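Observations on chain architecture
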Amino acid sequence: MVPGILLCGDLDFRYLLMGVIRYTVRSSNKFQLYLALLAPLIIFLYFYDYGILIPWNINWLMGGDLGTNFIGWHAFRYDEWRFPITKTELLAWPHGVPIIFTDSNPLFAIILKLFSAILPRVFQYIGLWYLICLILQSTLGYFIGYKITGSTNYGLLFAIFLCLYPPLLTRWGHAQLMGHWVILCSIYIFLFIQDSRRVFFLSVTITILSIAIHLYLTAMILPILLASYWFVLKCLGLEKFKKFSIYVFSIFFISLFELYLLGYFTYGDIGGGGFGDYSMNLNAPFNSRWQSTFLPGLPWAEFQYEGYQYVGLGGIFLILLGLCGYIFFIRKNRCLISNKIAAIIIICALFSIFALSNKIMLGSELIFKYDLPIGIDLLANAFRSSGRFFWPVSYLLFVFSVYYIWNSFPRLAIGLLFSVCVVQLIDIAPLGNAIGKPITLDRSNVILREALEPFISDADAVFIDGTQTDLQVASYESSYMGSPLGLPLISIYSSRAPKEHYLWETNLKQSLMKGDTSLKNVMGIFPAGWHVCFPQRSFYVMEDWSILLPENTVSKMTDKQIFNLVQDQPVKPLGVIIDSCKSDCV
């Protein structure tokens, strides 16, 4: 049935034809959009694994930074509401830590905590977040491509291409930073929203969302949003400056309030130092780091993994084609660079300079270095992983490339973009193994988990010592089991914790080593052999770990009962030491 056509009397076939055309276009629009929603699911299944979507599958998370992401949410979920609203005292007890410093996606964590009672006992949303990010990436890519050209096919191809952007796909180790769709939102606002009130409202909304996801994303979109509002203001002179100032102050104070609410100022400052180390190399856009079918890897500096910016061979072709299209367009139309284009060029230049940092590297060689002015260095250190700031530059280059390709070579545009997508997919195919294999690994430590299980419910708190790796493994397993019991973890691996907590933790260890009787119900987890350093305490020693038993366990069970209990575990202990000897350990 063709809507709008009444088949009676003398039929005018012109009306019928126009109705068919309108119906076909509407159906085509929907079909292409459905494909744009389906494409990220296929890309997700190729590069990742469907198993990570299972909410109770957490074993792939129990290692590296993803473990910190998970236990931050896990502890926050089982703790009572505190202030700041992201704070939990089940980690870094007794001082606590906001989960913004465990990178646990406050946006999802706060919402899901409201429904914690009906969620499974163990629940992770990180795999789902990956998929949502790809779907939003594709959807925004589709609408940007469609708005630029009016072609649904072109929009679909651009959506697919944006989901094949290597720095997006490889960000799975820092889950929140896969939210590149936030950057695309700001670009969409800049290009297509012309009403100042809508720009104001959308700017505030996307800023609030980005802060609740990751502050780096906020820093990337703010210059684009500020430029968006400036260009949609119709007034001139002092009136324009007044309205723009109101906009800037509104964004500033709303952001400041949200930062305070989420706990960003809990420790006084958010700067961590190290600006210049985690930067982008000059060769980054072309450096595949040996994850390309066609291009070899190039040298880079030690910490420049944060500056991974390979755009893919398809991306390189797209930018080159866009440059050719731009030159052709300028010569044909004899037009100058508009104020909007000039603003974007300035924003891209500033982002690129910041991404390269004050240490300009080409391969493994330092080209030159300069000192930052006092004050700017504090801001720079708050965003020390500056190599990430080339992401919006890449997206802006992609958007303007597809625009000029379409306007300069309209008959070839769809074929060219399709070829770019094919080349991109073939080129980055090795990333399937580079991402898929690590992400499907079982990172749980079954031995330690089974060793802790009989005794952890007797403890009042858990203390961990050892190397960073020891701390990660032990904290993930003990928090996984202890948080549902309300058992706090004293030691924590996170991006930030209060200095007074580290001092308090050091004093606690010294007290334990001195046999402080007031701390006897603390369960301790240490590398194997460390039990000789703690006088008059009971230990359960197995393989790589020495487990300090809580006093509640020792007081209610005989030595033989403890021994028989651990003998029943699947992994047999190397020994049970009751009342370990005093020593001179420091």
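Residues numbered from 1 in each chain as written. Predicted model: local features only at pLDDT ≥ 70, side-chain atom pairs only at ≥ 80, totals over all residues. Heavy atoms only, no water.

1. Structural notes on the overall build of the chain
Helices and strands together make up the secondary structure of the chain, namely 21 helices and nine strands. Residue burial in the chain is summarised as follows: out of 586 residues, 52% are buried. Look at the contacts in the chain between residues 6 or more apart in sequence, and 75% of them connect residues 24 or more apart. Of the roughly 26,700 Å² that the chain leaves accessible, carbon and sulfur atoms contribute 65%. (Helix = DSSP H or I, 4+ residues; strand = E, 2+ residues; numbered from the N terminus. Buried < 20%, exposed > 50% of the residue type's maximum accessible area, 1.4 Å probe, protein only. Contact = heavy atoms within 4.5 Å. Areas by Shrake-Rupley, 256 points an atom, 1.4 Å probe, with all protein chains shown as cover.)

2. Some words on the side chain of Ser-104
Within the secondary structure, Ser-104 sits in the loop between strand S2 (97-98) and helix H3 (106-113). A polar contact of 2.8 Å, which involves the side chain of Ser-104, links it to the backbone oxygen of Asn-69. Not counting the four nearest positions on each side in its chain, Ser-104 is found in contact with Thr-68, Asn-69, Gly-72, Trp-73, Ile-99, Ala-109, Tyr-125 and Gln-176. (Polar contact = N/O pair within 3.5 Å; in protein donor to acceptor, adjacent residues only side chain to side chain.)

3. Looking at the nonpolar core
A general trend in soluble globular proteins is that nonpolar side chains are found buried together. One finds Tyr-48 and Tyr-130 to be the most contacted residues of the largest nonpolar core, which totals 154 residues. Apart from the residues lying within four places of it in its own chain, the contact partners of Tyr-48 are Tyr-130, Leu-134, Leu-168, Leu-169, Trp-172, Met-178, Ile-435 and Ile-439. Core analysis: the next-biggest nonpolar cluster, separate from the first, contains 11 residues, Ala-461, Ile-490, Leu-519 and Phe-526 among them. (Core = buried A, V, L, I, M, F, W, Y, C linked by side-chain atoms within 4.5 Å.)

4. Some points on the environment of Arg-82
Looking at the secondary structure, you find Arg-82 in the loop between helix H2 (64-78) and strand S1 (87-88). Residue classification places Arg-82 among the partly exposed residues on the basis of a relative accessible area of 24%. Sequence-wise, Arg-82 and Pro-98 are 16 residues apart; in three dimensions their C-alpha atoms are separated by 9.6 Å. Look past the residues within four positions of Arg-82 in its chain and what remains in contact with it is Lys-87 and Glu-89. Within polar-contact distance, the side chain of Arg-82 engages the side chain of Asp-79 at 2.9 Å. Side chain to side chain, Arg-82 and Glu-89 meet in a polar contact 3.4 Å long.

5. Side note on the packing of helix H7 (residues 181-192) against helix H9 (residues 215-232)
At a minimum axis distance of 9 Å, the contact between H7 and H9 shows a crossing angle of 5 degrees. Considered as vectors, H7 and H9 are oriented roughly parallel to each other. Contacts between H7 and H9 involve Val-182, Ile-183, Ser-186, Ile-187, Ile-189 and Phe-190 on the former and, on the latter, Leu-217, Met-220, Ile-221, Ile-224, Leu-225, Ala-227, Ser-228 and Phe-231. When grouped by side-chain class, the residues that make up the contact of H7 with H9 number 12 nonpolar, two polar and no charged. (Axes fitted to C-alpha atoms, helices over the stretch in contact; angles between N-to-C directions. Parallel < 35°, antiparallel > 145°, perpendicular 65-115°, else oblique. Nonpolar A, V, L, I, M, F, W, Y, C, P; charged D, E, K, R; others polar.)

6. Points about the confidence of the model for the chain
Residues of the chain with pLDDT of at least 70 account for 87%, and the chain-wide mean is 87. Note on residues 580-586: pLDDT is under 50 here. Beyond four places in sequence and across chains, it has 17 contacts. (pLDDT = per-residue confidence, 0-100.)

7. Concerning the pattern of salt bridges
All chains considered together, the criterion is met by 10 salt bridges. In this structure, Asp-458 engages Lys-556 in a salt bridge whose closest nitrogen and oxygen atoms are separated by 2.8 Å. With a gap of 98 residues between them, Asp-458 in the loop between helix H17 (446-452) and strand S5 (461-464) and Lys-556 in helix H20 (residues 551-556) connect regions that are remote in the sequence. Given a relative accessible area of 11%, Asp-458 falls into the buried group. (Salt bridge = Lys/Arg side-chain N within 4 Å of Asp/Glu carboxyl O.)

8. Thoughts on the side chain of Thr-149
Locating Thr-149 in the fold gives a position in helix H4 (residues 126-149). Taking the relative accessible area as the measure of exposure, Thr-149 reaches 15% and is therefore buried. In this structure Thr-149 touches Tyr-154 and Trp-406, once residues within four positions along its chain are discounted.

9. Brief notes about the packing of helix H14 (residues 391-408) against helix H15 (residues 413-427)
Direction vectors running N to C along H14 and H15 enclose 145 degrees, while the axes themselves pass 9 Å from each other. The segment H14 lies against H15, with Val-402, Ile-405 and Trp-406 engaging Ala-413, Ile-414, Leu-416 and Leu-417. Its residues placed into classes, the contact of H14 with H15 shows seven nonpolar, no polar and no charged.

10. A look at H4
For H4, spanning 24 residues, the distance from its first C-alpha to its last is 35 Å, which sits close to the expected 34 Å at 1.5 Å a residue. The buried fraction of H4 is high, at 17 of 24 residues. Directly after H4, the chain includes Gly-150, whose backbone phi takes a positive value near 80 degrees. (Expected span 1.5 Å × (residues − 1).)

11. Details of the environment of Gly-387
Its location among the elements puts Gly-387 in the loop between helix H13 (376-382) and H14. A relative accessible area of 0% places Gly-387 in the buried class. In this structure the C-alpha to C-alpha distance between Gly-387 and Asn-281, which are 106 residues apart in sequence, comes to 7.9 Å. In this view, Gly-387 contacts Tyr-278, Ser-279, Met-280, Glu-306, Gly-307, Gln-309 and Ala-355; residues no more than four positions away in its chain are not counted.

12. Examining the pairing of strand S4 (residues 365-369)
Pairing analysis gives four bridges linking strand S3 (residues 359-362) to S4, with the strands arranged antiparallel. Bridge assignment links Ile-360 to a residue of S4, and that residue is Phe-368. Where S3 folds back on S4, the antiparallel hairpin that results is connected by two residues, among which Gly-363 adopts a positive phi of roughly 65 degrees. (Pairing = 2+ DSSP bridges.)

13. Let's talk about unusual backbone geometry
Of the consecutive residues Phe-83 and Pro-84, the connecting peptide bond is found in the cis state with omega at -5 degrees. Here Pro-84 lies in the loop between H2 and S1. The amide bond that connects Trp-93 to the next residue, Pro-94, takes the cis arrangement and shows omega of 5 degrees. Mapped onto the elements, Pro-94 comes out in the loop between S1 and S2.

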